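The lines below spell out each chain.
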Amino acid sequence: MKSVLKGEQIFEERPFTHILDHSQQGRRCHYCLERSEHLKKCTACGFLRYCSLTCQRCDWPVHRKECPCLKQVSPNVPLDSVRLMLRILIRTQLLEKEDHSTTETVWRRSFNDLMSHIDEIQEDPGRSQQFVQIVYTLRGLCQGQLDLPPVKQLMEVFGRVTINSFTICDGDLQSVGVGLYLGASYLDHSCQPNAVVSFQGQKLMVRALMDIPEVSPSNIFISYTDQLSFTEDRQRQLKEQYYFSCQCTRCQDNSLDRLMKSFVCPVPTCTGAVCRTEVGELLPCGSCGMNSYDESYRRKVEETFHHLIQDLQQIEQAKKAKDLDKVLSLCQKCLHPDTVSVLHSYNLLHVQALDRGLDVAIDLELWEQALSYGLQLIPLYIKVYPAASPQVGLLLLKVGKLELYLQRLEHALQHLQQGESIIRITHGRFHELYRQLSELISQCTDELRTHMEHSKPS
Ligand SMILES: [Zn+2]
Ligand SMILES: [Zn+2]
Ligand SMILES: [Zn+2]
């Protein structure tokens, strides 16, 4: 069995099939998923767009059958979930003629090997309803063009697709598509993973976050959820989406959860954390042991908590409505010194407000403000995420970029280098993101050198 070292690639894989996220229509190629200014439409359906003839040719075996289906409902466009199902059905029919496995032997798998969780899906009202709607739309799409298998078989396909598909992300962790990767669907979940998935276009890569002596599909774990969340929320998400409960060490140990629900201890000389439980009960301070809180402190905690919950909900609504000024003013309200003085810095509500604040300040080009939010986030991210995680790497990249722009060159260099050492592990030296980072580092080094030469006494 092969062994891998931290930062090495375990395997890479092309999708069994994939679709471009509808939000990326007109921006990226439907096949390679890369951004392009010169996309060419498929003249028959007028919907799929490709960056090159090569991409169009590569997609043709599947699109040849998909095209007339899309054409007959045009100008309507079916939902992404329906398009993915359609492509899977076409792909499995093609497979009967050609075998098309590209991964290493140990990761080789066929579509029919995937678990369908059909019993759980039948008992899940939300998923069952989604299935009924998809089948209804598929029938309209495929009428006279493509034979659909019987409903039982369709449900198995639906189960395999919903449970096993991956959201394909770009370097900034923004979703650009959905794909089914047969080898990678072997990978189980842990909230403390030993491997991480990244994408370059449609290609999926799995890299080791630590040394792994004997690599086998049963001892490689990736995280299906965002680690910046409470255990109960991760557990719920895993149960609802993948029908299992996680038994990892982080799920067994509640110390991080407590910290993420904490307020600052009212004892003036103490900076310890007072955890507020789900039911609003205040636990003894983790540091000084204080456990009799007066009424005014209790009231302040409750008020702060409920205001933050409300404001964060409004931030999400304002984000959806693309009202950036409103998002910013709500973030500023959440991060007002009066509020922050009550919150423990690891409190998830605080982290979320900073997180939204950083993004919106960058969008509004308020560089100083963005940098201040980014700098505050670094220690919090490092606490919550595993040492080498794409989220921490990307945050360091963002902060370094801001500092470079604002000419804080020494700090910029330090953060960019820290980011580089993480992205080298999570994405590898050949990833676009790593190249971007290396360029920023050499730009920063050059500017520092020029700066020092100019400041030399003559
Ligand atoms: Zn392309
Ligand atoms: Zn077409
Ligand atoms: Zn877990």
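Just so it is clear, the structure is predicted and the values come from calculations on it, not from any experiment.

A. Fine view of the coordination of the zinc ion (ligand 2). Taken together, the protein donors to the zinc ion (ligand 2) comprise Cys42 (SG), Cys45 (SG), His63 (NE2) and Cys67 (SG), at separations of 2.0 to 2.4 Å. Bound by four donor atoms, the zinc ion (ligand 2) shows angles of 104 to 114 degrees at the metal and therefore tetrahedral coordination geometry. Positions of the donor residues of the zinc ion (ligand 2) along the chain correspond to the pattern C-x2-C-x17-H-x3-C. Here the residue His63 and the residue Cys67 both occupy positions in helix 1 (residues 53-73), the gap between them amounting to four residues, near one helical turn. The burial state of His63 is the same as that of Cys67; both residues are buried.

B. Just the coordination of the zinc ion (ligand 1), in detail. The protein atoms that coordinate the zinc ion (ligand 1) are Cys29 (SG), Cys32 (SG), Cys51 (SG) and Cys55 (SG), at distances spanning 2.3 Å. Taken together, the four donor atoms coordinating the zinc ion (ligand 1) and their angles of 106 to 116 degrees define a geometry best described as tetrahedral. Each donor residue of the zinc ion (ligand 1) lies on one chain, and together they are spaced C-x2-C-x18-C-x3-C. A residue is classified by how much of its surface remains accessible, and Cys51, at 30% relative accessible area, is partly exposed.

C. View of the sheet that holds strand 2 (residues 17-20). In space, the three strands of this open sheet follow the order 2-6-5, with antiparallel pairing throughout. Two strands lie at the open edges of the sheet, namely strand 2 and strand 5 (166-169), each paired on one side alone. In this sheet, neighbouring strand axes are inclined to one another by 30 degrees on average, regardless of whether the strands run parallel or antiparallel. Two elements, strand 2 and strand 6 (residues 175-180), share four bridges in a ladder whose sense is antiparallel. Bridge pairing in strand 6 links Leu20 to Gly177.

D. Inspection of the environment of Met155 at higher detail. Here Met155 lies in helix 5 (residues 151-164). Overall, Met155 belongs to the buried group, its relative accessible area being 10%. It is 9.0 Å that separates the C-alpha atoms of Met155 and Val135, two residues lying 20 residues apart in sequence. With sequence-adjacent residues up to four places away left out, Met155 is seen in contact with Ile118, Ile121, Gln122 and Phe131.

E. Seen up close, the UniProt feature "domain: MYND-type" (unreviewed entry) in the protein. Within this structure's numbering, the places UniProt gives as "domain: MYND-type" (unreviewed entry) are residues 29-67. Measuring from the first to the last C-alpha atom of residues 29-67 gives 16 Å, for a span that is 38% helix and 10% strand.

F. View of unusual backbone geometry. Of note, the amide linkage connecting Ser74 to Pro75 takes the cis form, showing an omega dihedral of 5 degrees. Positionally, Pro75 belongs in the loop between helix 1 and helix 2 (80-95). Despite not being glycine, Gln407 shows a phi value in the positive range, around 60 degrees. Overall, Gln407 belongs to the partly exposed group, its relative accessible area being 46%.

G. Seen up close, the sheet that holds strand 8 (residues 195-200). An order of 1-9-8 is seen for the three strands of this open sheet, with the pairing classed as antiparallel. Each edge of the sheet is formed by a strand with only one pairing partner; in this case those strands are strand 1 (9-13) and strand 8. Strand after strand, the sheet turns through a mean of 20 degrees between neighbouring axes, direction not considered. In this sheet, strand 9 (residues 203-208) lies alongside strand 8 in antiparallel orientation, the contact comprising six bridges.

H. Region of the structure containing the packing of aromatic side chains. With the rule as written, the count across this model stands at 11 aromatic pairs. Between Phe166 and Tyr181 the ring centres are 5.9 Å apart and the planes differ by 90 degrees, which places this aromatic pair in the edge-to-face class. One end of the pair, Phe166, is in strand 5; the other, Tyr181, is in the loop between strand 6 and strand 7 (188-189), and 15 residues separate them in sequence. Each of the two residues, Phe166 as well as Tyr181, counts as buried. Among the aromatic side chains, those forming a connected cluster through ring pairs are Phe11, Trp107 and Tyr186. Over the face of the ring belonging to Tyr186 we find Arg109, whose NZ or CZ atom lies 4.0 Å from the ring centre.

I. The packing of helix 1 against helix 4 (residues 125-142), seen in detail. Remark: helix 1 packs on helix 4, axes separated minimally by 8 Å, with the N-to-C direction vectors making an angle of 100 degrees. When the axes of helix 1 and helix 4 are compared, the pair comes out roughly perpendicular. Between helix 1 and helix 4, the contacting residues are Cys69, Leu70, Gln72 and Val73 on the first element and Gly140, Leu141 and Cys142 on the second. Residues of the contact of helix 1 with helix 4, tallied by class, amount to five nonpolar, two polar and no charged.

J. A look at the domain arrangement of the protein. The domain boundaries assigned to the protein delineate domain 1 (9-222), domain 2 (291-384) and domain 3 (385-458). For domain 2 versus domain 3, the distance between C-alpha centres works out to 26 Å. Contact with domain 2, which involves 15 residues of that partner, is made by 14 residues of domain 3. The junction of domain 2 with domain 3 conceals about 1300 Å² of combined surface from both sides, 76% of it contributed by carbon and sulfur atoms. For domain 2, the biggest contributors to the area lost against domain 3 are Trp367, Leu371 and Tyr381; these three give 44% of the whole. On the surface where domain 2 and domain 3 come into contact, there are two salt bridges. The partner of Lys398 in a salt bridge is Asp359, with the nearest N and O atoms 3.2 Å apart. Run the count over domain 2 and domain 3 and you get three residue pairs in polar contact (both at pLDDT 80 or more).

Cut-off values and rules
- Residues numbered from 1 in each chain as written.
- Chains lettered and ligands numbered in written order.
- Predicted model: local features only at pLDDT ≥ 70, side-chain atom pairs only at ≥ 80, totals over all residues.
- Heavy atoms only, no water.
- Donors = N, O, S within 2.8 Å, 3.2 Å for Na, K, Ca; no water.
- Tetrahedral: all angles 85-135°; square planar, octahedral: opposite > 155°, others 65-115°.
- Helix = DSSP H or I, 4+ residues; strand = E, 2+ residues; numbered from the N terminus.
- Buried < 20%, exposed > 50% of the residue type's maximum accessible area, 1.4 Å probe, protein only.
- Pairing = 2+ DSSP bridges.
- Axes fitted to C-alpha atoms, helices over the stretch in contact; angles between N-to-C directions.
- Contact = heavy atoms within 4.5 Å.
- UniProt positions renumbered as here; feature names shortened; annotations may be inferred.
- Phe/Tyr/Trp six-rings, centres within 6.5 Å; stacked < 30°, edge-to-face > 60°.
- Lys NZ or Arg CZ within 6 Å of the ring centre and 35° of its normal.
- Parallel < 35°, antiparallel > 145°, perpendicular 65-115°, else oblique.
- Nonpolar A, V, L, I, M, F, W, Y, C, P; charged D, E, K, R; others polar.
- Domains from an automatic or database assignment.
- Buried area = accessible area lost by both parts, 1.4 Å probe.
- Salt bridge = Lys/Arg side-chain N within 4 Å of Asp/Glu carboxyl O.
- Polar contact = N/O pair within 3.5 Å; in protein donor to acceptor, adjacent residues only side chain to side chain.

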